[in-house]
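Architecture and fold: a report
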Amino acid sequence: MGLENKILSKEIQQLLYETGKTVGTAESCTGGRIAESIIAVPGASTYFKGGIIAYTNEVKEKLLQVDHHLLEEKTAVCEEVAEAMVRGTIHTLNVDYAIASTGVAGPGGGTAEIPVGTIWLACGNKDKIVTMKLTEDEGRDINLAVATSKALQMFLAFLQEEQSVTPKG
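Residues numbered from 1 in each chain as written. Predicted model: local features only at pLDDT ≥ 70, side-chain atom pairs only at ≥ 80, totals over all residues. Heavy atoms only, no water.

An unreviewed UniProt entry annotates the protein as Competence/damage-inducible domain protein CinA of Hoylesella marshii DSM 16973 = JCM 13450.

Let's shift gears to the layout of surface pockets. A probe as big as a water molecule, rolled over the atoms, marks out the empty space that is left. In this structure, the largest pocket occupies an estimated 250 Å³ of space. For the largest pocket, the lining is made up of 17 residues, of which Val77, Gly103, Val104, Ala105 and Gly109 are closest to its centre. Residues that form the lining of the largest pocket fall into these classes: seven nonpolar, eight polar and two charged. (1 Å grid on protein atoms, 1.4 Å probe; cavity = no way out; pocket = protein on both sides within 12 Å on 5 of 7 lines; lining within 4 Å. Points joined across faces, edges and corners; volume = space filled by probe spheres on them. Nonpolar A, V, L, I, M, F, W, Y, C, P; charged D, E, K, R; others polar.)

Strand order across the open sheet formed by five strands is 2-1-3-4-5, with mixed pairing between neighbours. Both outer strands of the open sheet, strand 2 (48-53) and strand 5 (129-134), are each paired with one neighbouring strand and no more. Going across the sheet, the axis of each strand differs from the next one's by a mean of 10 degrees, ignoring polarity. With six bridges connecting them, strand 3 (residues 97-103) and strand 4 (residues 119-124) associate as antiparallel partners. By the bridge assignment, Ser101 is partnered in strand 4 with Leu121. Against the sheet, helix 5 (residues 79-93) contacts strand 1 (23-27), strand 2, strand 3, strand 4 and strand 5, and its axis sits at roughly 140 degrees relative to strand 3. (Pairing = 2+ DSSP bridges. Helix = DSSP H or I, 4+ residues; strand = E, 2+ residues; numbered from the N terminus. Axes fitted to C-alpha atoms, helices over the stretch in contact; angles between N-to-C directions. Contact = heavy atoms within 4.5 Å.)

A few words now on the side chain of Glu27. Tracing the sequence through the fold places Glu27 in strand 1. In this structure, Glu27 is buried with no salt-bridge partner, the nearest side chain bearing the opposite charge being Arg33 at 6.6 Å. Here the side chain of Glu27 touches Arg33 through a polar contact of 3.1 Å, landing on its backbone nitrogen. With residues up to four places along the chain from it excluded, the contact list for Glu27 reads Gly32, Arg33, Ile34, Ala35, Ile52, Ile53, Ala54, Tyr55, Met85 and Ser101. (Buried < 20%, exposed > 50% of the residue type's maximum accessible area, 1.4 Å probe, protein only. Lys, Arg positive; Asp, Glu negative; His and termini not counted. Salt bridge = Lys/Arg side-chain N within 4 Å of Asp/Glu carboxyl O. Polar contact = N/O pair within 3.5 Å; in protein donor to acceptor, adjacent residues only side chain to side chain.)

Right, let's talk about the packing of helix 3 (residues 57-64) against helix 5 for a bit. Following both chains from N to C, one finds helix 3 and helix 5 inclined at 45 degrees, their axes separated by 9 Å at the closest point. Taken together, helix 3 and helix 5 sit at an angle that is classed as oblique. Facing helix 3, whose interface residues are Lys60, Leu63 and Leu64, helix 5 presents Val81, Ala84, Met85, Gly88, Thr89 and Thr92. Broken down by class, the residue content of the contact of helix 3 with helix 5 amounts to five nonpolar, three polar and one charged. (Parallel < 35°, antiparallel > 145°, perpendicular 65-115°, else oblique.)

Dropping the structure here:
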């Protein structure tokens with residue numbers, strides 16, 4: 001894990017400490033890399049409750065309550081599934097926030113409609129979820145590293161925006 005992810009994780013830690021809120025992850029293509037980055041900071045157990053590696057549709061459905069018809073209709077690599085993974089994580093892990101990833105890291109598995117490098121990221125709380133679509137294919141290792149870093153950046157920005165809108169106290 002790179003220095004950038006450790007810095008992002010430390011900033012996330014500070015914001016979660018200040019608010020006393022919790023976070024969990026639901027990862028498909030990143031396979032636990034986001035969770036690994038979050039727990040790289042000592043003291044993460046006070047705000048990180050856990051992560052679900054939902055690598056198959058069966059796990060997405062059973063543990064995260066992602067709708068079977070949505071997965072059949074749109075595949076697991078779409079914005080709606082990433083959002084559903086966030087909602088399912090909040091429910092299943094009883095956390096305030098969740099971060100999710102789903103995509104095709106490569107080198108195989110892509111289609112004309114969903115090429116290798118297509119990764120959907122989502123984060124949010126029960127009231128608001130934001131998403132990001134990655135589309136560059138730089139090879140599996142780089143695709144996963146970029147997705148992990150972008151997920152942390154997106155979550156940090158979400159927390160910062162929420163804190164700037166929410167009055168303290």
